[in-house]
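A look at the structure
These are the residues of each chain, in order.
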Number of protein chains: 2
Amino acid sequence: MNTIINDIEVLKAKTTKINEVDFDNLKFGSVFSDHMLECNFKNGKWQAPKVVPYGPITLDPSAKIFHYGQSIFEGMKAYKDAEENVWLFRPLDNFKRLNISAKRLAIPELPESYFMDGLKALLEVDKDWIPKKDGSSLYIRPFVFASGNGFHASPATEYKFIIATAPSGSYFSGEVKVLIEEKYSRSANGGVGYAKAGGNYAGQFYPTQLAIEKGYQQVIWTDDNTHEYIEEAGAMNIFVRINDTLITGPTSDRILDGITRKSIIELAKSEGIAVDVRKITVTEVVEAAKNGTLKEMFGAGTAAVISPISGFGYKDQDYTLPKLDDTFASYLKKRITDIQTNKAEDPFGWRFKVE
Amino acid sequence: MNTIINDIEVLKAKTTKINEVDFDNLKFGSVFSDHMLECNFKNGKWQAPKVVPYGPITLDPSAKIFHYGQSIFEGMKAYKDAEENVWLFRPLDNFKRLNISAKRLAIPELPESYFMDGLKALLEVDKDWIPKKDGSSLYIRPFVFASGNGFHASPATEYKFIIATAPSGSYFSGEVKVLIEEKYSRSANGGVGYAKAGGNYAGQFYPTQLAIEKGYQQVIWTDDNTHEYIEEAGAMNIFVRINDTLITGPTSDRILDGITRKSIIELAKSEGIAVDVRKITVTEVVEAAKNGTLKEMFGAGTAAVISPISGFGYKDQDYTLPKLDDTFASYLKKRITDIQTNKAEDPFGWRFKVE
Ligand SMILES: Cc1ncc(COP(=O)(O)O)c(C=O)c1O
Ligand SMILES: Cc1ncc(COP(=O)(O)O)c(C=O)c1O
């Protein structure tokens, strides 16, 4: 049956898979809702998006996504409050960043209405899939990839933009110990590190596997030239607390401009926490760990929200962080999730009601 | 009808598309032969490869290739000589490099026999697709990508290895003017530049588009830190001739170890040409262009073989290379293609007969 929601054509799935899902024991991003938004770029323009049943994508073996990595994505979450209202967090920032990524990857930019109206229609159709349990949410994955064909190493002329959703629990389970990287790196000056491009993630897997084999959960990326500056944590931006100052690196063409990161900076400042946005050296973090002034480290990103780091490894030496009772991490995590889930006032205007 | 060739199961296409192809006017990599090799990694191992009809690939929207760019490829060519013998050029080097790329991208490495026997069976089945015309060949595209599902940013547990082929004419048409890049870059120290990873190519498209808009065909990549060293030419390694010395940069973790490059080095040396493998600075190339000692520049790679460069742009200044009668480029191109196509002796043992 076809309906129209928000100007978007909706082709409803014949059956639902929702009864097969155990909403009390959700993993991250491994079961998918009944529908997805689909939008195709061809003949030089983005065609009208549609909500369709979640289902397989068929491509020619020469489709450029298989060969030249032309793909970008976003990560967002939808929350449901006690009154069954549905909320997003700063969704326009995700839209804008998707287009920043698109430009760098030579992918045609998307019209705002296709993204926003499409997303709203999709959430309307699949609203029963949004978990209500604390710490769970509907993870939203907008992505764009080159579906056009040919072995010539040049941009495709056809693309697919899809939004799929997955009811999800937390991203990390257990404590997060990180390894500060001395050899590998995730991005170059003048490269694509600031874009959410598929290739940025594939390149991290092998070094991350090596770190996992050594007993860490995550790599802390440093600059590719000197490995002396702390830059990112895989799919999170990184914060360091020395004494009572929260420090995070400035964004650059190597670092993703995280929405969680910038929200935390604003939130912390508004709470009177001293925040320093400046380059952080590995040396100062090691020194601070040694002399006891390193109080906290945490990663910040949509998937993991705020993820406290329990310790780090560097040059075959392990450093353990103190276990404080009141941490900036837990305080800021509660503040931000309370705003996201409509449990607290939102003085910043970040929350976005889906209706 | 199923047959077995070289231990490889073959499922033949019901019809052939070969009569639709104009073998006298082939573009590069845009028509595809009747069959492909397909091999799946699941349950922790590569399953036996099969030759199957060339046809669509169906994937879940959460397949990791769409999200995390986990993909690698190779580029090879098959040639047919006057006696209808089929030849490859150093195919084991492509196989080895595919596994080097696989390791860096956290993709399971392939068994040699699956690659080599599979390739031979495929070429046997599609041997009529190998063009005989000078300058044409059957371009061969082995590639591997993450077909496993899930939104967690971690390596997939399932992969597809495919070899597809495309009868092809030359890669570049017309002269090649290049732009020496001052801002963007293709790879980081400790990154994936030495791997034939999909993401390396997508990242080049936008800067290359900017260069094309300025009237160049190709970007010459420089190191991401100082932009002072000449490194690569997109899908080619780069050679510079100053006076009578041929210079090419050393390979590194930022540069692909090209099979054409290393063959040219060996070939040139055996012909008594002075070859210097050392870092090349932009400054010396500009100086040499100014004082007339810069005789030639060319790109080298499987797709383009040897591609002479007619001039370059740098800091808003254009430099034109001399038009010499006898160039190293044309001499070496003839030598290498004669070896590849069985028109000359092969003292190096590079040629590989498919039988
Ligand atoms: C590389 C990288 N850094 C940082 C982040 C955090 O960004 P955001 O807070 O917008 O989710 C992400 C993604 O979530 C990421 O992939
Ligand atoms: C980045 C890059 N450099 C150089 C080359 C040349 O390598 P080969 O001579 O093995 O084809 C290629 C590919 O063909 C390439 O993609």
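First, a word on what this report is: a plain description of the structure on this page. Fair warning: this is a prediction, and the values are worked out from it, not measured in the lab.

Calculation criteria
Residues numbered from 1 in each chain as written. Chains lettered and ligands numbered in written order. Predicted model: local features only at pLDDT ≥ 70, side-chain atom pairs only at ≥ 80, totals over all residues. Heavy atoms only, no water. Helix = DSSP H or I, 4+ residues; strand = E, 2+ residues; numbered from the N terminus. Core = buried A, V, L, I, M, F, W, Y, C linked by side-chain atoms within 4.5 Å. Buried < 20%, exposed > 50% of the residue type's maximum accessible area, 1.4 Å probe, protein only. Contact = heavy atoms within 4.5 Å. Near = heavy atom within 4 Å. Polar contact = N/O pair within 3.5 Å; in protein donor to acceptor, adjacent residues only side chain to side chain. Areas by Shrake-Rupley, 256 points an atom, 1.4 Å probe, with all protein chains shown as cover. Nonpolar A, V, L, I, M, F, W, Y, C, P; charged D, E, K, R; others polar. Phe/Tyr/Trp six-rings, centres within 6.5 Å; stacked < 30°, edge-to-face > 60°. Lys NZ or Arg CZ within 6 Å of the ring centre and 35° of its normal. Salt bridge = Lys/Arg side-chain N within 4 Å of Asp/Glu carboxyl O. Expected span 1.5 Å × (residues − 1). Bend = angle between axes of the 7 residues up to and from the residue. Lys, Arg positive; Asp, Glu negative; His and termini not counted.

1. A short note on unusual backbone geometry
Residues and elements named next belong to chain B.
- For Glu84, which is not glycine, the phi dihedral falls at a positive 70°.
- By the secondary structure assignment, Glu84 is in the loop between β8 (76-80) and β9 (86-89).
- The phi dihedral of Ala106 is positive, around 60°, even though this residue is not glycine.

2. Digging into the nonpolar core
- Counting residues in hydrophobic clusters, the biggest one holds 111 residues, and the most contacted among them are Phe66 and Phe312 of chain A together with Phe66 and Phe312 of chain B.
- Not counting residues within four places of it along the chain, the set of residues in contact with Phe312 of chain A comprises Val178, Ile180, Tyr216, Val285, Val286, Ala289, Leu294, Met297, Gln317, Asp318, Tyr319 and Leu321 of chain A.

3. Quick notes on the site of ligand 1
Residue and element names in this part refer to chain A.
- What surrounds ligand 1 is a group of 16 residues, the closest being Lys196, Tyr201, Glu232, Thr260 and Thr302.
- Taking Arg97, its side chain carries an N or O atom lying 2.8 Å from an oxygen atom of ligand 1.
- When isolated, ligand 1 has an accessible area of 390 Å², and the protein chains bury 98% of it.
- Looking at the shell around ligand 1, the elements that each hand over two or more residues are α5 (259-270) and β18 (294-301).
- Tallied by class, residues from the shell around ligand 1 come to six nonpolar, six polar and four charged.

4. Quick look at the packing of aromatic side chains
- Tallied over the full model, the rule gives 46 aromatic pairs over all chains.
- Taking the centre distance of 5.6 Å and the plane angle of 75° together, the rings of Phe89 of chain A and Trp350 of chain A count as edge-to-face. You can see Phe89 of chain A sitting in strand β9 (residues 86-89) and its partner Trp350 of chain A sitting in the loop between α7 (328-340) and β21 (351-354), a full 261 residues away along the chain.
- Here Phe89 of chain A falls in the buried class, since its relative accessible area comes to 10%.
- A relative accessible area of 4% places Trp350 of chain A in the buried class.
- Cation over ring: Lys279 of chain B sits above Tyr229 of chain B, and NZ or CZ is 4.6 Å from the ring centre.

5. A short note on the pattern of salt bridges
- On inspection of all chains with the given rule, the structure shows 40 salt bridges over all chains.
- Note that Asp93 of chain B is salt-bridged to Lys262 of chain B, the shortest N-O span being 3.1 Å. Of the two residues, Asp93 of chain B is situated in helix α2 (residues 91-104) and Lys262 of chain B in helix α5 (residues 259-270); the sequence distance between them amounts to 169 residues.
- Linked by salt bridges that have partners in common, Lys80, Glu84 and Lys132 of chain A make up one network.

6. Details of helix α4 (residues 198-213) of chain A
- The first and last C-alpha atoms of α4 of chain A sit 24 Å apart over 16 residues, in line with the 22 Å expected at 1.5 Å per residue.
- Phe205 of chain A marks the point of greatest bend in α4 of chain A, at about 35°, and the proline Pro207 of chain A comes within the next four residues.
- Taken together, the buried positions of α4 of chain A are Gly198, Asn200, Tyr201, Ala202, Gly203, Gln204, Phe205, Tyr206, Pro207, Thr208 and Ala211 of chain A.
- Packed against the buried residues of α4 of chain A are β7 (71-73), β12 (176-180) and β13 (218-222) of chain A together with α1 (64-68) and α2 of chain B.

7. A look at the side chain of Lys196 of chain A
All names here are of chain A.
- Residue position: Lys196 is located in the loop between β12 and α4.
- The buried charged residue Lys196 lacks any salt bridge partner; its closest oppositely charged side chain belongs to Glu74, at an N-O distance of 5.5 Å.
- Setting aside residues no more than four positions away along its own chain, Lys196 makes contact with Ser71, Ile72, Phe73, Glu74, Gly75, Arg97, Ser101, Tyr201 and Leu256.

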